[in-house]
Amino acid sequence: MDLNNEDNYKIYTGCLGTGETDAEPVEYKYVQLVVDITSHAIDKVFTYAIPDELIDKIYVGCPVKVVFGGMKSLRSAYVIDFISEAELDIDKNRIKYIDSVAADELSARTKLISLACWMKEHYGTTMYKALMTVLPVKNKIKAKTFRKVFLKIDKDNIKDCVKELESKKKTAWIRLIKALAENENGLEGGFIRNHLKINLYTLIRMEVEGLIYILEEERSLSLNKTLYGFEEGESDGSKIIHELNIQQKAAVEVFNNDFIKNDFLPEYLLYGITGSGKTEVYIEMIKTVLSKKRQAIVLIPEISLTYQTVRRFVNVFGKRIAIMNSSMSASQRYGQFMLAEKKQADIIIGPRSALFAPFDNIGLIIIDEEHDCAYKNETVPRYDAREVAAKLAKIHNAALVLASATPSVETYKKVLENKIKCLKLTQKAVPGASLSKTHIVDLREELKAGNKSIFSKKLKYMIEEKLSMDEQVMLFMNRRGYSNFVSCRSCGEAIKCKHCDVSLTLHKDGRLRCHYCGYSLAVPDKCPACGSGYIAGFGIGTQQLETITKKMFPQACVLRLDTDTASKKHGAVSIIKDFSEHKADILIGTQMIVKGHDFSNVSLVGIMAADTSLYVGGYNSAEKTFQLLTQAAGRAGRAGQAADVVIQTYRPEHYAVMCAAEQDFERFYKEETAFRKITAYPPMIHILSIQFSSRNEKYVDEFSKYYAECAKKEALKYGAYIIGPAPARIYKVHDFYRKLVYIKHIDYDILLRLKQQLQVYADKHTYAVNVGILYDFE
Ligand SMILES: Nc1ncnc2c1ncn2[C@@H]1O[C@H](COP(=O)(O)OP(=O)(O)OP(=O)(O)O)[C@@H](O)[C@H]1O
Ligand SMILES: [Zn+2]
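Residues numbered from 1 in each chain as written. Chains lettered and ligands numbered in written order. Predicted model: local features only at pLDDT ≥ 70, side-chain atom pairs only at ≥ 80, totals over all residues. Heavy atoms only, no water.

(A) A look at unusual backbone geometry. Following Pro682, the chain continues into Pro683 via a peptide bond in cis, with omega recorded as 5°. The backbone of Lys197 sits at a positive phi, close to 55°, despite the residue not being glycine. Counting through the fold element by element, Lys197 comes out in the loop between α6 (189–194) and α7 (200–208). Although it is not a glycine, Asp735 adopts a positive phi angle of roughly 70°. Mapped onto the secondary structure, Asp735 falls in the loop between β28 (721–733) and β29 (736–745). Assessed through its relative accessible area of 25%, Asp735 is described here as partly exposed. (Helix = DSSP H or I, 4+ residues; strand = E, 2+ residues; numbered from the N terminus. Buried < 20%, exposed > 50% of the residue type's maximum accessible area, 1.4 Å probe, protein only.)

(B) Structural detail: the pairing of strand β23 (residues 558–561). Neither face of β23 is exposed, since Val558 and Arg560 on one face and Leu559 and Leu561 on the opposite face are all buried. In terms of strand pairing, β23 meets strand β24 (residues 586–589) through four bridges, oriented parallel. Looking across to β24, one finds that Leu559 is bridged to Leu587. (Pairing = 2+ DSSP bridges.)

(C) Main features of the sheet that holds strand β10 (residues 295–299). Read from one edge to the other, the open sheet built from seven strands follows the order β11-β12-β10-β13-β14-β9-β15, with strand pairing classed as parallel. Here the strands that pair on one side only, and so sit at the sheet edges, are β11 (321–323) and β15 (421–425). Pairs of neighbouring strands in the sheet enclose a mean axial angle of 15°, with direction left out of account. The sheet contact formed by β11 and strand β12 (residues 347–350) spans three bridges and is parallel. (Axes fitted to C-alpha atoms, helices over the stretch in contact; angles between N-to-C directions.)

(D) Representation of the pattern of salt bridges. Inspection of the entire model under this criterion finds 32 salt bridges. The salt bridge partner of Arg667 is Glu662, with a shortest N-O separation of 3.6 Å. For Arg667, a relative accessible area of 27% translates into the label partly exposed. Ionic pairing is found between Asp701 and Lys705, a salt bridge with its closest N-O pair at 3.4 Å. Remark: Lys705 and Asp701 occur in helix α23 (residues 697–718); sequence separation between them is four residues, near one turn of the helix. (Salt bridge = Lys/Arg side-chain N within 4 Å of Asp/Glu carboxyl O.)

(E) Representation of the site of ligand 1. Ligand 1 sits among 22 residues. The nearest are Gln248, Gly275, Lys278, Asp598 and Arg638. Take Gly275: an N or O atom from its main chain is 2.8 Å from an oxygen atom of ligand 1. Measuring from an oxygen atom of ligand 1, one finds a backbone N or O atom of Gly277 at 3.0 Å. Within the complex, 90% of the 640 Å² of free accessible area of ligand 1 lies under protein. Looking at which element gives the most residues to the shell around ligand 1, the answer is helix α10 (residues 278–291), with three residues. Partitioned by chemical class, the residues of the shell around ligand 1 number five nonpolar, nine polar and eight charged. Split by domain, the residues of the shell around ligand 1 number at least three in each of domain 3 (233–420) and domain 4 (437–480 + 541–676). (Near = heavy atom within 4 Å. Polar contact = N/O pair within 3.5 Å; in protein donor to acceptor, adjacent residues only side chain to side chain. Areas by Shrake-Rupley, 256 points an atom, 1.4 Å probe, with all protein chains shown as cover. Nonpolar A, V, L, I, M, F, W, Y, C, P; charged D, E, K, R; others polar. Domains from an automatic or database assignment.)

(F) Highlighting the environment of Thr565. Within the secondary structure, Thr565 sits in helix α18 (residues 563–566). You can call Thr565 buried: its relative accessible area is 11%. Sequence spacing of Thr565 and Gly589 is 24 residues, and the spatial spacing of their C-alpha atoms is 9.7 Å.

(G) Main features of the UniProt feature "binding site: Zn(2+) 2" (unreviewed entry) in the protein chain. The feature "binding site: Zn(2+) 2" (unreviewed entry), as given by UniProt, occupies Cys497, Cys500, Cys514 and Cys517 in the numbering adopted here. Sequence-wise these annotated residues cover 21 residues; spatially they are packed, their C-alpha atoms never more than 8.7 Å apart. Positionally, Cys514 belongs in the loop between β20 (511–513) and β21 (520–522). On the accessibility criterion, Cys514 (4% relative accessible area) is buried. With near-sequence residues (within four places) excluded, Cys514 lies in contact with Cys497, Cys500, Val502, Leu504 and Tyr519. Residue placement: Cys517 occurs in the loop between β20 and β21. Taking the relative accessible area as the measure of exposure, Cys517 reaches 21% and is therefore partly exposed. (UniProt positions renumbered as here; feature names shortened; annotations may be inferred. Contact = heavy atoms within 4.5 Å.)

(H) Spotlight on the packing of helix α4 (residues 158–167) against helix α5 (residues 171–182). At a closest axis distance of 9 Å, the pairing of α4 and α5 adopts a crossing angle of 165°. Classed by the angle they form, the pair α4 and α5 counts as roughly antiparallel. Pair α4 / α5 crosses with left-handed handedness. Only Trp173, Ile174, Ile177, Lys178 and Ala181 of α5 make contact with α4, whose side of the interface consists of Ile158, Cys161, Val162, Leu165 and Glu166. In terms of residue class, the contact of α4 with α5 is made up of eight nonpolar, no polar and two charged. (Parallel < 35°, antiparallel > 145°, perpendicular 65-115°, else oblique. Left-handed = near helix turned anticlockwise from the far one by under 90°.)

Okay, structure coming up:
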């Protein structure tokens, strides 16, 4: 795509494409621009006029030079929108003209700005929010610097120097010089500040006087060390490089051929069963991309995943990798982005926001475990990283590789429609390895036979067997906490959160916690509803599973990984690391443990209650269940040993459970798409969901009704289908009441247009300022 061609931008320049077709043609002689986006200055947008000779040369994202403030030299700026004379809110005569179009090549930032423009249109957010999302903005808090202070004067001169300082009454200076005299290796800044009580100002003056010298080091240098326990570029020596098997080779070859030809790079689905060696394929693809002096982005869904993946990449590519992680501070993230911008790194690995690394010539974007819901941003703009990646790939003419053992229904539909190229890996990578043997246990039968334990007979027996062979076991439980909920046995009321419409979960410390807002409460002695003292916990969470497991298998060392243990600093990383080094025998966890991990010694995976996710609601709950079960099963037998998977369930006949047990994606896809067709759900059609929320229930109620009425009127014109308003699945969260309206249509662009029109109606309503609206496209 030719980025200099303004036609490419017209569709997303807001005013040029709002669909006001029958109005007089409007002339856009003005632009809004952001000046010199270096720091947090992007919150200011300025209006400039376009001189006649530049009218055809300006486009959204275009770098220009402008006179700015009182400064003599010209400043760089980027055009973010066109506006007409009618839209000006300042005196026309005071507006300055753009000086020139910057001859600048298409920098990384220009490309990110054009991405932001697309996001603004596509997700209906503001330009400011879109820019804040894509641009590496330096955090206001300065990056922490490590200081180390050393003595500069000769040992022999210390006495004289101290004497002189005494006469000047510089006691702090003397304190430091004496301390440094005793510490030849220097002293840390923190120690000097906290223990010697000497501030930075004094240090600098002493340095100026030639008494000491200060070494400064950016903290981000040792970032990887703190996050992953290894230094940047430091290999762990395990440079096992496998020779690719036939299928891996074939996948890489298709990619290489397309890439070398380099006219128009396609989208791919790397559809490889669990353990088929997708990572190896990524690595080869990236080598090709780097050899052409282009850059690569690898998205991974979960923080707990990064240790192993990052390790493998570092072993191959060393220091050329920048790493992002959702637990990083804003300034750490900025530091990693700057490695990209300064061309010190040409690969970035991270969560969805790694897409916005300022690379100027991306050749490849890989989305590992593309089906994962972590790729959907939950805050505004609610972007889908897969869509944004596809757009970004177009801007750079880069390849996009979506990879998964359980592709999303959406993506696989595109494969069948020949919109995406499919690269298949159908065999386990490790020679001799085969799919694990699956055993389905019907929990209803277990209960009938008098077994009330959470472990079926079969699972218990198999765990014992594996432990006796010194093999490892993973137990998957889709619910954290100790008990699912606590309720009264007399009146049946569950104890609920004060702020949300959910029951509280019992934790081991005896407190009831809300998993939505964090509210907590000591377990009451009496039922708050009826006063009976007969209250108890029901359902089992990961904490209780841990307790039961430890009791049942006292010989085993047990670890637990869920949001609670992961939130402790470096929690997830160290748990994963310990388990992979066989420092424990059993790993218990929520979905965090099922994604992409490669533990070679695990030969049994137990799924404690397969169907809990079938009841969570949402049209895609069967898909989520199938993915979870298949991925969980895929954790066993990675090194080629005989392995088993035990699926405990109340619904052994459900197609999600059955297809997962047989690892039969194709059949699952058929069943699921048939269901979505009948029920009219994506990807068969598109849905725009609009959520209304307010602390005032009446406002939400009236506003959503009004909105739905307007929507029905508008929808008639397009044949769209309106549902609602209906209460959200969890009606109250954080004291906010929430209602939803859904609009369904087969054409995405129509939904986008409807949304713009409805926003105009919504803005007119008296409650508009009091009710939050959240749009989400599915
Ligand atoms: N060609 C090969 N020969 C032998 N072993 C290989 C080969 N390629 C990969 N492996 C090994 O196979 C294992 C599985 O590889 P990898 O983790 O990349 O699988 P995956 O496809 O990503 O699986 P999942 O979807 O479950 O994450 C790894 O231990 C890897 O080292
Ligand atoms: Zn709550």
